[in-house]
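Geometric and topological summary
Each chain is listed here by its residues.
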Amino acid sequence: MPTQVNAEELAASLGERLGVEAKVAGTDLVLDVPRERWSDVARLLRDDPAVDARFFSFLTAADGKDSISLVVYLRSLSRKLSLVMKTTLCRESPQVASLCGVWAGASWHEREAWDMFGIRFQGHPDLRRILLWEGYPGHPLRKDFVDPRPARERVGPQDRPALLAPWGNVSGAGGAAVPVAGVPDGARPAAGAGEASGEAEPEVLEVNMGPQHPSTHGVLRVVARFDGEVVRSVEPVIGYLHRCFEKVCEGWNYAQIVPFCDRNDYLGAITNEWAYCRAAEALLGIEVPERAEYLRVITAELQRICSHLLWFGTFSLDLGATTPFIYAFREREILYDLFESLCGARLLYGYLRLGGVRNDVPPGWFTEVERYLRMQEEKLKEYYDLLIDNAIFLSRTKGIGGISAQDAIAYGVSGPMLRACGVNWDLRKDEPYSVYPRFSFDVPLGETGDLYDRCIVRMREIEESIRIVRQAVASIPEGDVVGKVPRALRPPAGAEVYGRVEGPRGEVGCYLVSDGSPKPWRLKWRGPCFSNLQPLDLMARGHKVADLVAIVGSTDIVLGEVDR
């Protein structure tokens, strides 16, 4: 069982043992680490039993006037402890040691920091752009970024990523190498599993799955290498839906950003709004009325049900079953009606506000919610009879696409995918927020982390969300639904905060840095899909072509959140 530690005592102990400045800020233990000791301190935090910081949440940077700050958020699941590593880099030529050898999940995050800020991570095995294309002029999240090209030349065929492999060359069945524009020679990753140096490589076929194929659940491109029907390795290629969310938010005030958060994960809009509101409210010192907290819980859990239903339907399509998809959308329509009667929207709600929610519920709304919950409980039985207990479904999911708990934690996998590995971690329980501690609910767990476990965890989470909504509706107090919000939203200069919630796909977080103006100096969005997709290669190797489609679907990705 996880054990809580005294953060103040641990900060003093770590500061003395590591020779770094350590302090407690809110619920986080923050360490200021010299650039030269960046990877060494990271490894000590991971391996020290008193800390056990094995969960890699995210890495990001913030451009300052004279330097660039590099920030890493970690978590010790066993100690229920959130840790932050920070260092300062030279603005003219920022570089630091890579953390890929400490946490596997650092790879994509470091590539994004290189892409957006131009930070070079020494020792990174594959430091290429990840959201933009090779040859893009500059690093757009730096404050001094100016695109040198005329406006008419900024988007065109010459800017589109090549639809071949993401590395230096690609060989088809005939073995002919084809260069990829913009990718330097030698950028191809090392040989995959079973390809030891010096051994003869079997004939392989490289295939692009997507980015236009419906089985990729959006504009995801998967470069797959097959030996016959067997997957040798896969490389997810992202960035086709880059929406410039973090850059755009630098030009908006704190209140204007709330509805824009819906678009990151358009299937989890309420939890997106909540993650941002929690961060901004902590930064601005805004209090939320009790009734508003209950309404946030109710709508967030209904959103979780709605999201899991869509996953269930689309996952069944990935396995070749069409009827469950129709059944799931039948129930989702009722949820859409409930959301529409509450806030006037069916998908992107804009329901939360800084300090509360937009409006109270209409008359009879809670009665309609209870009617829906009773119906959904009955329909869950149909899902099991129709699909989940089916022998074909069991053979297509059991033992397929699994990932170990250790690897999932190192990659920062969260939500149902992490719990399917048997890791008992849910922010609503382990870092409780809002009024969740007042409700009784269980955290569903799997055993092997395979496709079947991911399905069962999500189905059981629907049952637990029903329990939470019922309890919240039965005990919701009267009162205001929005608190007092200052007319001028100006947090203190230099203040920073990370707000996080448990979304349908995992940990949704928003990191904010203030410069004292009405607009955020830096906003970083921590989307769970970004981390959940990264270990796709681990999950797919050794399986068949048809399994790859199902494995991608099992991650429940939303590409708007991956690319942002």
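Computed from a predicted structure; not experimentally measured. (Residues numbered from 1 in each chain as written. Predicted model: local features only at pLDDT ≥ 70, side-chain atom pairs only at ≥ 80, totals over all residues. Heavy atoms only, no water.)

A word on the packing of aromatic side chains. Considering all chains together, one arrives at 23 aromatic pairs under this definition. Relative to Phe329, the ring of Phe325 has its centre 4.7 Å away and its plane inclined at 40 degrees; by these criteria the two rings are tilted. Residue Phe325 and its partner Phe329 are located together in helix α7 (residues 323–343), separated by 4 residues, close to a single helical turn. By relative accessible area, Phe329 is classed as partly exposed at 28%. Each member of the aromatic cluster is reached from another via a ring pair, and the members are Phe58, Tyr73, Tyr498 and Tyr511. Geometry around Phe329 places Arg332 over its ring, the cationic atom sitting 5.4 Å from the centre. Stacked on the ring of Phe441, the Lys or Arg Lys429 has its end atom at 4.6 Å from the ring centre. (Phe/Tyr/Trp six-rings, centres within 6.5 Å; stacked < 30°, edge-to-face > 60°. Helix = DSSP H or I, 4+ residues; strand = E, 2+ residues; numbered from the N terminus. Buried < 20%, exposed > 50% of the residue type's maximum accessible area, 1.4 Å probe, protein only. Lys NZ or Arg CZ within 6 Å of the ring centre and 35° of its normal.)

Evaluation of the coordinates by the stated rule reveals 48 salt bridges. The residue Glu112 makes a salt bridge to Lys524 at a minimum N-O spacing of 3.4 Å. Here Lys524 lies in strand β17 (residues 520–526) and Glu112 lies in helix α3 (residues 106–117), a separation of 412 residues in the sequence. Taking relative accessible area as the criterion, Glu112 reaches 6% and is therefore assigned buried. On the basis of relative accessibility, which here comes to 2%, the residue Lys524 falls in the buried class. The partner of Arg346 in a salt bridge is Glu333, and the shortest N-O contact between them spans 2.8 Å. On the criterion of sequence distance, the pair formed by Arg346 in the loop between α7 and β13 (352–353) and Glu333 in helix α7 is long-range, its members being 13 residues apart. (Salt bridge = Lys/Arg side-chain N within 4 Å of Asp/Glu carboxyl O.)

This next bit is on the sheet that holds strand β3 (residues 55–63). Strands sit in the order β1-β2-β5-β4-β3 across an open sheet of 5 strands; the sheet is mixed. The two strands at the open ends of the sheet, each matched to only one other strand, are β1 (21–25) and β3. Across the sheet, the mean angle from the axis of one strand to that of its neighbour is 20 degrees, orientation sign disregarded. In this sheet, strand β5 (residues 81–90) lies alongside strand β2 (residues 28–32) in parallel orientation, the contact comprising 5 bridges. By the bridge assignment, Leu31 is partnered in β5 with Met85. Those strands touched by helix α2 (residues 38–47) are β2, β4 (67–76) and β5, and its axis lies near 175 degrees from that of β5. Contacts between α3 and the sheet are confined to β3 and β4, with β3 contributing the most and set at about 10 degrees to the helix. (Pairing = 2+ DSSP bridges. Axes fitted to C-alpha atoms, helices over the stretch in contact; angles between N-to-C directions. Contact = heavy atoms within 4.5 Å.)

The phi torsion at Asp52 lies on the positive side, around 55 degrees, for a residue other than glycine. Among the secondary structure elements, Asp52 is positioned in the loop between α2 and β3. Even without being a glycine, Cys244 presents a positive backbone phi close to 60 degrees. You can see Cys244 is positioned in the loop between β12 (230–237) and α4 (245–249). With relative accessibility at 37%, the residue Cys244 sits in the partly exposed group.

Ranked by size, the top nonpolar core spans 163 residues in total, and within it Leu45, Ile119, Tyr276, Leu302, Leu354 and Leu512 carry the most contacts. Here the element with the most residues in this core is helix α6 (residues 290–318); it accounts for 13 residues. Apart from the residues lying within four places of it in its own chain, the contact partners of Leu512 are Tyr254, Tyr276, Ala279, Ala280, Leu283, Ala495, Glu496, Val497, Pro520, Arg522 and Leu523. Core analysis: the next-biggest nonpolar cluster, separate from the first, contains 8 residues, Val30, Val71, Val84 and Tyr511 among them. (Core = buried A, V, L, I, M, F, W, Y, C linked by side-chain atoms within 4.5 Å.)

Ordered in space as β10-β11-β12, the 3 strands form an open sheet in which the pairing is antiparallel. For this open sheet the edge positions go to β10 (205–209) and β12, each flanked by a neighbour on one side alone. Each strand axis lies, on average, 20 degrees off the axis of its neighbour in the sheet, ignoring direction. Two strands pair when backbone bridges link them, and β10 and strand β11 (residues 221–227) are joined in this way by 5 bridges, in the antiparallel orientation. Each bridged residue has a counterpart across the sheet, and for Leu205 the counterpart in β11 is Phe226.

A few words now on the confidence of the model for the protein. If pLDDT is low for a region, its predicted coordinates should not be looked at in detail. Mean pLDDT over the protein stands at 88; residues scoring 70 or higher make up 90%. Confidence drops under pLDDT 50 across residues 156–197; counting only partners more than four residues distant or on other chains, this segment forms 78 contacts. (pLDDT = per-residue confidence, 0-100.)

Further remarks concern the pairing of β3. Among the 9 residues of β3, 9 are classified as buried, and the element is accordingly described as predominantly covered. Pairing of β3 with β4 involves 8 bridges; the strand directions are antiparallel. Across the sheet, residue Thr60 finds its bridge partner in β4, namely Val71. Taking the residues between adjacent antiparallel strands as the criterion, β3 and β4 are bridged by 3 residues.

Further remarks concern the packing of helix α8 (residues 365–388) against helix α13 (residues 451–475). Contact geometry of α8 with α13 gives a least axis separation of 10 Å together with a crossing angle of 160 degrees. Relative to α13, the element α8 is oriented roughly antiparallel. The crossing of α8 and α13 is left-handed. Residues Phe366, Val369, Glu370, Leu373, Arg374, Gln376, Glu377, Leu380, Tyr383, Tyr384 and Ile388 of α8 lie in contact with α13, whose contacting residues are Tyr452, Cys455, Ile456, Met459, Ile462, Glu463, Ile466, Val469, Arg470 and Val473. For the contact of α8 with α13, a count of residues per class yields 15 nonpolar, 1 polar and 5 charged. (Parallel < 35°, antiparallel > 145°, perpendicular 65-115°, else oblique. Left-handed = near helix turned anticlockwise from the far one by under 90°. Nonpolar A, V, L, I, M, F, W, Y, C, P; charged D, E, K, R; others polar.)

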